[in-house]
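Overview (structure and organization)
Listed here are the chains, written in short residue letters.
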Amino acid sequence: MWAMVAKEFRELRRDRRTVAMMIALPVVMLVVFGYAASFNVHSIPTVVVGPGARQVASSLHSPFDVVDVDPTAGPPTARSRLRDGQAVVAVVASWGRLLVLMDGTQLFSVETAEDVLAKMMPSGPAASPNRRAEVQILYDPKLTTSWVMVPGLAGLILVFIGTLITSLGVVRERQAGTLEQLAVMPFRAWEVIAGKIAPYLMVAAADLVLIVVVGMVVFHVPFRGNVATFALGAALFLLVTLGMGVLISTVSQNQGQAIQLAFMVVLPQVLLSGLIFPVTSMAAGVQWISFLLPLTYFIEISRGVMLKATPISALWGPLGVLALLAVVVLGLAVTRFRRDLAPSSRRTELRESSPESVAS
Amino acid sequence: MRWGLDAVHVRFGQRVALAGVTVPVDPARVTVVVGGDGAGKSTCLKVLVGLVQPEAGVVRRPSKGRIGFVPATAGIYVDLTVEENLEFSADAYRLSAAERRERGGEILERTGLAEARKRLGGQLSGGMQRKLAVGIALLHSPALLVLDEPTTGVDPVSRAELWRLISRAAAEGTAVAVATTYVNEAARATSVVLLEAGEALASGSPDAILRNVPGALGAARGASRPTPLSWRRGIEWRVWAPTGVLPGGVETVDPDFEDAVVVAALAGESRR
């Protein structure tokens, strides 16, 4: 047995990336996830509209974070702000009456807002009429958890499948020795990358449709928005997810390294994308990580389109970031892969009958 | 020289992998690069096909679409059938429907894999896998065929079949470069480059290499090594005398290719 132990240690010692991951990663993850794992909502983006908006806004305190006050606007504006994701709570302050609208897709924020509001403005017969507030929860009035989770889970499942499977694509060719053959074939780097991604993109798209349909049938999750907007967001998200897998594959020497790196990319998306813990509850440093994760933006799009019928005009932000991420990730994958595929073309574009000459 | 390497230097970090190596590869000829493990054979071929960038020297090669390459590893997709492997290569080189039908059938017949066309690459024997790899590399009728140890670990019958494929490709006008550790295979070549520790010890036709073996070569029997420059060949010792004067009791013999390779290695060592 000692022979095996010694052999394993020797092999492990030479795989420095694995050793680094085994030692450093748990500590990093614990710290990052520790700061992320919080259901306590400290900040609730709030808009206040209506004639009494300024007075009401000045009386609101933490966790309500008043992001806009518009005395000239009415309930339609309040609803559109919630639908477009600009606020979680919208207060319509009419004379003698308060209407508080809440975005039901933000479960923890809504629960916190309800608690705080109940303390601020007790309801019931004992309450003074001018201190009574009518609360309406929109989009998910019963705060059904599955309604909120399914659109995000669809993305998470695709992150798992997409990133893990494609992360093995190039490295498998490398280990089988077929990568050298590919390098000699008349392929360009982007053609190989596109060829590797395209089949998985189609399968993952079919997967996504299946997941959403199952979510609608089994969990009765509504689909209220525009299918084309959802499809655009999903396509961009899948490109980033699959591109990340290929990028991982191009920087890994073996399948073990690829799987480890893929987990490093996938795991933060489970905890930091806003799927479970609200992004606004996370420490500021950790929030920055969540802004780099594609799932964060897909969740915004899928929840917005499916539950709130958010129009595309309000989703250009996340759609744009996903497009940018796709360009960056795929660009990096192609650049990195080009080194594997054509080391000689970095210096000289070879043409038949004009020999590649290197100064001696 | 139409294709090949001319005074190519390659360095991996501090290690010199090739030191001014010249490997001519001409159409309708088979050039064999022979040498032991770590001699620089694979590096030579990788430079030739563009996988390794030389530090200095000249590389002549056709455009990518006119090169056929078989790496030292299997060089086939084990999860694809024989037919699908050929199909992938045909797609990659954009062969027309007529070309792929004609060449595909021809390659299956030449490699003896027609019966196994529906079998997965991973289910083929080692020899069959190598034949398939060479077949794939030949499918698009390349101007330059580069094979890295195509016969290593292959049984003698399959080796003979592989060499038949290689010779036929050369006979049809393809320039072929083959790396091998098997000295006897070098005798099949039109020209040979003997590599040792990244240096070309000798090059030329097999006949020229045999003619140019320096000094004198002899054979002796006995339990102990007759001179420091001696090596075992079966029950005999081969004795090499760089000065041309063999010790007493040692009978002069004509060198064969294996002797020529060993002498070149010993001469290279003494130069270093």
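Residues numbered from 1 in each chain as written. Chains lettered and ligands numbered in written order. Predicted model: local features only at pLDDT ≥ 70, side-chain atom pairs only at ≥ 80, totals over all residues.

**Remarks on the overall build of chain A**
- The secondary structure content of chain A amounts to 14 helices and six strands.
- Projected onto its principal axes, the C-alpha positions of chain A cover 90 × 55 × 45 Å.
- Taking all 360 residues of chain A together, 42% fall into the buried category.
- Here the analysis covers contacts within chain A between residues at least 6 apart in sequence; of these, 73% occur between residues at least 24 apart. (Helix = DSSP H or I, 4+ residues; strand = E, 2+ residues; numbered from the N terminus. Buried ≥ 20, exposed ≤ 12 C-beta atoms within 10 Å, placed from the backbone. Contact = placed C-beta atoms within 7 Å.)

**Notes on helix α4 (residues 126–138) of chain B**
Residue and element names in this part refer to chain B.
- The terminal C-alpha atoms of α4 lie 18 Å apart, and with 13 residues this matches the ideal 18 Å at 1.5 Å per residue to within 8%.
- Of all the 13 residues making up α4, eleven are buried; the element is thus mostly covered by neighbouring parts of the structure.
- Listed as buried for α4 are Met128, Gln129, Arg130, Lys131, Leu132, Ala133, Val134, Gly135, Ile136, Ala137 and Leu138.
- Next to the buried residues of α4 lie β5 (67–70), α2 (82–92), α3 (97–111), β6 (144–148) and α5 (156–171). (Expected span 1.5 Å × (residues − 1).)

**Here's the deal with the domain arrangement of chain B**
Residues and elements named next belong to chain B.
- Examined at the domain level, chain B breaks down into domain 1 (3–206) and domain 2 (213–271).
- Spacing between the C-alpha centres of domain 1 and domain 2 amounts to 33 Å.
- Taken together, the eleven residues of domain 1 in the interface contact seven residues of domain 2.
- Contributing elements (two or more residues each) for the side of domain 1 that touches domain 2: α6 (183–186), β8 (191–196) and β9 (199–204).
- Residue composition of the side of domain 1 that touches domain 2, grouped by class: eight nonpolar, one polar and two charged. (Domains from an automatic or database assignment. Nonpolar A, V, L, I, M, F, W, Y, C, P; charged D, E, K, R; others polar.)

**Things to note about the pairing of strand β2 (residues 15–25) of chain B**
Residues and elements named next belong to chain B.
- In the sheet, strand β1 (residues 3–12) pairs with β2 via seven bridges, with the strands oriented antiparallel. Across the sheet, residue Val8 finds its bridge partner in β2, namely Val21.
- The antiparallel hairpin formed by β1 and β2 contains two residues in its connecting segment, where Gly13 sits at a positive phi of about 65 degrees. (Pairing = 2+ DSSP bridges.)

**Concerning the pairing of β8(B)**
Residues and elements named next belong to chain B.
- Of all the six residues making up β8, six are buried; the element is thus mostly covered by neighbouring parts of the structure.
- Of the two faces of β8, the one holding Ser191, Val193 and Leu195 and the one holding Val192, Leu194 and Glu196 are both buried throughout.
- For strand β3 (residues 30–35) and β8, the ladder comprises five bridges, and the chain directions are parallel. Paired with Thr31 across the two strands is Ser191, which belongs to β8.
- Between the antiparallel neighbours β8 and β9 lie two residues, among them Ala197 with a positive phi of about 50 degrees.

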